[in-house]
Amino acid sequence: MDDNLNATLHTGVKQQLDYVEGLLGKADDPSKSKLAETVIPQWADAWRELLAVHASDERGRCRECSKWWPFRFRRSRCTVWRTAHRNLISEPAEVTRTGRHSLLGQRQTAG
Ligand SMILES: [Zn+2]
């Protein structure tokens with residue numbers, strides 16, 4: 001995808017999100033309800049389509065996000081699925097981390 005097309009797509013999507021968000025901020029309740037009836041199924045379909053594109057292969061790797069490097073695959077956690085999980089599924093306010101990265105958020109700067 002060239003840069004101009006990419007910028008056009010990004011601008012269009014951002015404008016649509018701003019438009020819907022603006023309507024929700026101004027509309028009365030019946031209009032909000034009608035907008036929700038229209039937009040929510042469209043966005044649910046869009047999420048399903050996006051998640052299908054990022055479905056895992058037989059080894060659990062995202063076909064879009066995992067890259068082939070000479071002699072091995074670079075396993076990448078799919079950002080689309082991570083974003084979907086973070087935004088569509090309620091999580092506890094604080095997630096308990098374990099393992100070698102558990103202290104990353106607890107480090108303090110020297111000084
Ligand atoms: Zn992915």
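First, a word on what this report is: a plain description of the structure on this page. Just so it is clear, the model here is predicted, and its values are computed rather than measured. (Residues numbered from 1 in each chain as written. Predicted model: local features only at pLDDT ≥ 70, side-chain atom pairs only at ≥ 80, totals over all residues. Heavy atoms only, no water.)

**Description of a nonpolar patch on the surface**
We apply this condition: Patches here: salt-bridge-free residues with over 30% relative accessible area, like charges joined within 9 Å, nonpolar side chains (Val, Leu, Ile, Met, Phe, Trp, Tyr) joined within 5 Å. Residue-level accessible areas treat just the shown protein chains as cover; the underlying method is Shrake-Rupley with a 1.4 Å probe. By definition, a salt bridge exists where a carboxyl oxygen of Asp or Glu is found within 4 Å of a side-chain nitrogen of Lys or Arg. Elements are defined by DSSP. Helices are runs of H or I of four residues or more, strands are runs of E of two residues or more, and each kind is numbered from the N terminus.
On the surface, Val13, Leu17 and Trp43 cluster together to form a nonpolar patch covering roughly 280 Å² of accessible area. As for its placement among the helices and strands, Leu17 is situated in helix H1 (residues 3–26).

**Side note on the packing of H1 against helix H2 (residues 29–53)**
Using the following cut-off: For helices, the axis comes from a line fit to the C-alpha atoms of the stretch in contact; other axes are also lines fit to C-alpha atoms, and the angle between any two N-to-C directions lies between 0 and 180 degrees. Oblique is the label for every angle not falling under 35 degrees (roughly parallel), over 145 degrees (roughly antiparallel), or within 65 to 115 degrees (roughly perpendicular). Should the near helix be turned counterclockwise from the far one by less than a right angle, the crossing is left-handed, whereas a clockwise turn marks it as right-handed. Note on definitions: a residue-residue contact is assigned when non-hydrogen atoms from the two residues lie within 4.5 Å. Note on residue classes: Ala, Val, Leu, Ile, Met, Phe, Trp, Tyr, Cys and Pro are nonpolar, Asp, Glu, Lys and Arg are charged, and everything else, Gly too, is polar.
Across the interface, H1 lies against H2 with an axial gap of 10 Å and an inter-helix angle of 150 degrees. Taken together, the axis directions place H1 and H2 in an arrangement best described as roughly antiparallel. Crossing angle aside, the handedness with which H1 passes H2 is left-handed. Taking contact as the criterion, the partners of Leu17, Val20, Leu23 and Leu24 in H1 are, on H2, Lys32, Leu35, Val39 and Trp43. A breakdown of the residues in the contact of H1 with H2 according to their chemical character gives seven nonpolar, no polar and one charged.

**Some points on the coordination of the zinc ion**
Threshold: Here the coordinating atoms are restricted to nitrogen, oxygen and sulfur within 2.8 Å of the metal centre, or 3.2 Å for Na, K and Ca, and because water is not among them the sites may look incomplete. When four donors show all angles between 85 and 135 degrees the site is tetrahedral, when four or six donors have opposite pairs over 155 degrees and all other angles between 65 and 115 it is square planar or octahedral respectively, and in every other case it is irregular. For every residue, the accessible area obtained with a 1.4 Å probe (protein chains only) is divided by the maximum for its type, and the residue is called buried under 20%, exposed over 50%, and partly exposed between those limits.
Within the protein, the atoms that donate to the zinc ion are His54 (ND1), Cys62 (SG), Cys65 (SG) and Cys78 (SG), at distances of 2.1 to 2.4 Å. For the zinc ion, the four donor atoms in the first shell make angles of 101 to 116 degrees at the metal, a pattern classed as tetrahedral. Of note, the donors binding the zinc ion are all from one chain and are spaced H-x7-C-x2-C-x12-C. Cys65 carries the same exposure label as Cys62, and that label is buried.

**Comments concerning the pattern of salt bridges**
For the structure on display, the rule yields three salt bridges. Lys34 serves as the salt-bridge partner of Glu37, at 3.8 Å between the closest nitrogen and oxygen. In this pair, Glu37 and Lys34 both sit in helix H2, three residues apart, roughly one turn of the helix. Each of the two residues, Glu37 as well as Lys34, counts as exposed. Here Asp57 makes a salt bridge to Arg61, at a shortest N to O gap of 3.4 Å. For the pair Asp57 and Arg61, one class covers both residues: buried.

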